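# Overview (structure and organization)
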Amino acid sequence: MKEDYVDFIDLIKTRTGIDLAQYKEKQMKRRLTTLRDKRGFKDFVSYYNALKMDDDLFHEFLDRMTINVSEFYRNSKRWEIFRNSILPSLMEGQRKLKIWSAACSTGEEPYTIAMILSDYYDLDNITIHATDIDTHAIDRAKNGVYPERSLKEVPEDKKKAFFNKNGAFYEISDQIKKCVNYSKHNLLADSYESSYDLIVCRNVLIYFTEEAKNNVYANFANALRKDGVLFVGSTEQIFHPQSLNLEVPETFFYRKK
Ligand SMILES: C[S@@+](CC[C@H](N)C(=O)[O-])C[C@H]1O[C@@H](n2cnc3c(N)ncnc32)[C@H](O)[C@@H]1O
């Protein structure tokens, strides 16, 4: 049965450019097997043949493999550290920061960055490039409508200033929306821009194999300007940051030397 999953990986890569072999196999296979079984297919190749014919099934598969969970100010203590100890040095002498929110999911992360920066910059001077592999997640980010639970860490003043309540949902204001440009980007296959002041990439590298993760870290290190900062998720520390010419001003933050 192992070959069946390997064949599936090849077919998906050819059709979508997504290389499931670069994601931790045990976790990914478990997630996809549950879904496949639920839809009544007994092997991956017949599941693939059905995905090819049925868009809904295909999007359900993409949804399952991408894991879009996010929230505003996720791990809010880390954002406090960002604001108090990292941002001041990034802002030194910079009129405008070049920022990338990589694997941004449904937009909570880039909008959080914009809200934090709004205390220091005119909104016209804030641009965040936000990317994800999943275009459905990007569509939801652009739409900017969230359930209350996504906002539980949002400071009261920001909630008042930048959200409109509509029934049970909250819509992010156009002023904040305008700070963020979205595009599709696959961290495992596409090229990276350079000269970033700040790259935020959280809660996706945990799903990648060690090798894939190390390649992505090296790409991020290359994409930063000198003294630029990479902000990673809570279980995503880099083991040998020195080898990538990165120093560690705070846990989960890496500065390019
Ligand atoms: C758990 S969410 C993280 C969202 C946000 N960064 C946060 O920390 O709340 C993981 C995101 O990674 C995206 N993703 C998975 N594989 C990717 C890849 N190869 N390239 C870019 N994004 C990817 C998924 O589509 C998903 O939106």
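Residues numbered from 1 in each chain as written. Predicted model: local features only at pLDDT ≥ 70, side-chain atom pairs only at ≥ 80, totals over all residues. Heavy atoms only, no water.

## Regarding the packing of aromatic side chains
To be explicit about the condition: Aromatic rings from Phe, Tyr and Trp, taking only the six-membered ring of Trp, are treated as a pair when their centres fall within 6.5 Å; an angle between ring planes under 30 degrees marks them as stacked, one over 60 as edge-to-face, and anything in between as tilted. We count a stretch as a helix when DSSP gives it H or I for four or more residues in a row; a strand needs E for two or more, and each element gets its number in order from the N terminus. Between buried and exposed lies partly exposed: a residue is buried under 20% and exposed over 50% of the maximum accessible area for its type, with that area taken using a 1.4 Å probe on protein chains only. Cation placement over rings: the criterion is NZ of Lys or CZ of Arg within 6 Å of the ring centroid and within 35° of the ring normal.
Taken as a whole and judged by the stated rule, the model has 20 aromatic pairs. Relative to F220, the ring of W100 has its centre 5.5 Å away and its plane inclined at 75°; by these criteria the two rings are edge-to-face. Remark: F220 occurs in helix α10 (residues 210-223) and W100 occurs in strand β1 (residues 99-102); sequence separation between them is 120 residues. A relative accessible area of 2% places W100 in the buried class. Here Y111 and Y182 contribute two aromatic rings whose centre-to-centre distance is 6.1 Å and whose plane-to-plane angle is 80°, an arrangement assigned as edge-to-face. Here Y111 is found in helix α6 (residues 108-117), whereas its partner Y182 is found in strand β6 (residues 180-184), with 71 residues between them in sequence. Each of the two residues, Y111 as well as Y182, counts as buried. What links up through ring pairs into an aromatic cluster is the set Y5, F8, F41, F44, Y47, F58 and F61. The ring of F58 has R15 lying over it, and the distance from NZ or CZ to the ring centre is 4.4 Å. Here the guanidinium or amino end of K98 rests over the ring plane of Y196, the centre of that ring lying 4.8 Å away.

## Things to note about helix α4 (residues 55-66)
Put simply, the rule reads: Each helix should span, by expectation, one fewer than its residue count multiplied by 1.5 Å. In this context, the arc is that of the directions from the helix axis out to the C-beta atoms. Two N or O atoms form a polar contact when they lie within 3.5 Å of each other; inside protein one atom must be a possible hydrogen donor and the other a possible acceptor, and for residues adjacent in sequence the pair counts only when both atoms belong to side chains.
In this model α4 runs 16 Å from its N-terminal to its C-terminal C-alpha over 12 residues, within 8% of the 16 Å that 1.5 Å per residue would give. Listed as buried for α4 are L57, F58, F61, L62, M65 and T66. Buried residues in α4, looked at end-on, bunch into an arc of 160°, giving them a common side. Among the residues of α4, the N-terminal cap falls to D54, whose side-chain oxygen and the backbone nitrogen of D56 are separated by 3.0 Å. Where α4 terminates, the next one or two residues include I67, which has phi positive at roughly 55°.

## So, the domain arrangement of the protein
Quick note on the threshold: Where each domain starts and ends follows an automatic or database-derived domain assignment. Note on contacts: a residue pair qualifies if any of its non-hydrogen atoms lie within 4.5 Å across the two residues. Joining two parts hides part of their accessible area as seen by a 1.4 Å probe, and the buried area is that hidden amount summed over both. Each residue gets one label: Ala, Val, Leu, Ile, Met, Phe, Trp, Tyr, Cys and Pro are nonpolar, Asp, Glu, Lys and Arg are charged, and the others, such as Gly, are polar.
Taken as a whole, the protein is organised into domain 1 (2-65) and domain 2 (76-256). In this structure, domain 1 and domain 2 have C-alpha centres spaced 29 Å apart. Across the boundary between the two partners, domain 1 contributes 9 residues, which contact 10 residues of domain 2. Roughly 940 Å² of surface becomes buried between domain 1 and domain 2 when both sides are summed, with 50% attributable to carbon and sulfur atoms. For the domain 1 face of the interface with domain 2, the top three residues by lost area are Q22, Y23 and K24, together amounting to 57%. For the side of domain 1 that touches domain 2, the per-class residue count stands at 3 nonpolar, 4 polar and 2 charged.

## Thoughts on the sheet that holds strand β5 (residues 169-172)
Using the following cut-off: Note on pairing: DSSP must find at least two bridges between two strands before they are called paired. Between N-to-C directions, angles cover 0 to 180 degrees, with each direction set by a line fitted to C-alpha atoms, over the stretch in contact for helices.
Here we have 3 strands laid out as an open sheet, ordered β3-β5-β4, and antiparallel in their pairing. The sheet is open, and its two borders are formed by β3 (145-147) and β4 (163-166), each paired with just one other strand. Neighbour to neighbour, the strand axes of the sheet diverge by 35° on average, direction disregarded. As paired elements, β4 and β5 share 4 bridges and run antiparallel to each other. Residue pairing across strands places F163 opposite I172, the latter belonging to β5.

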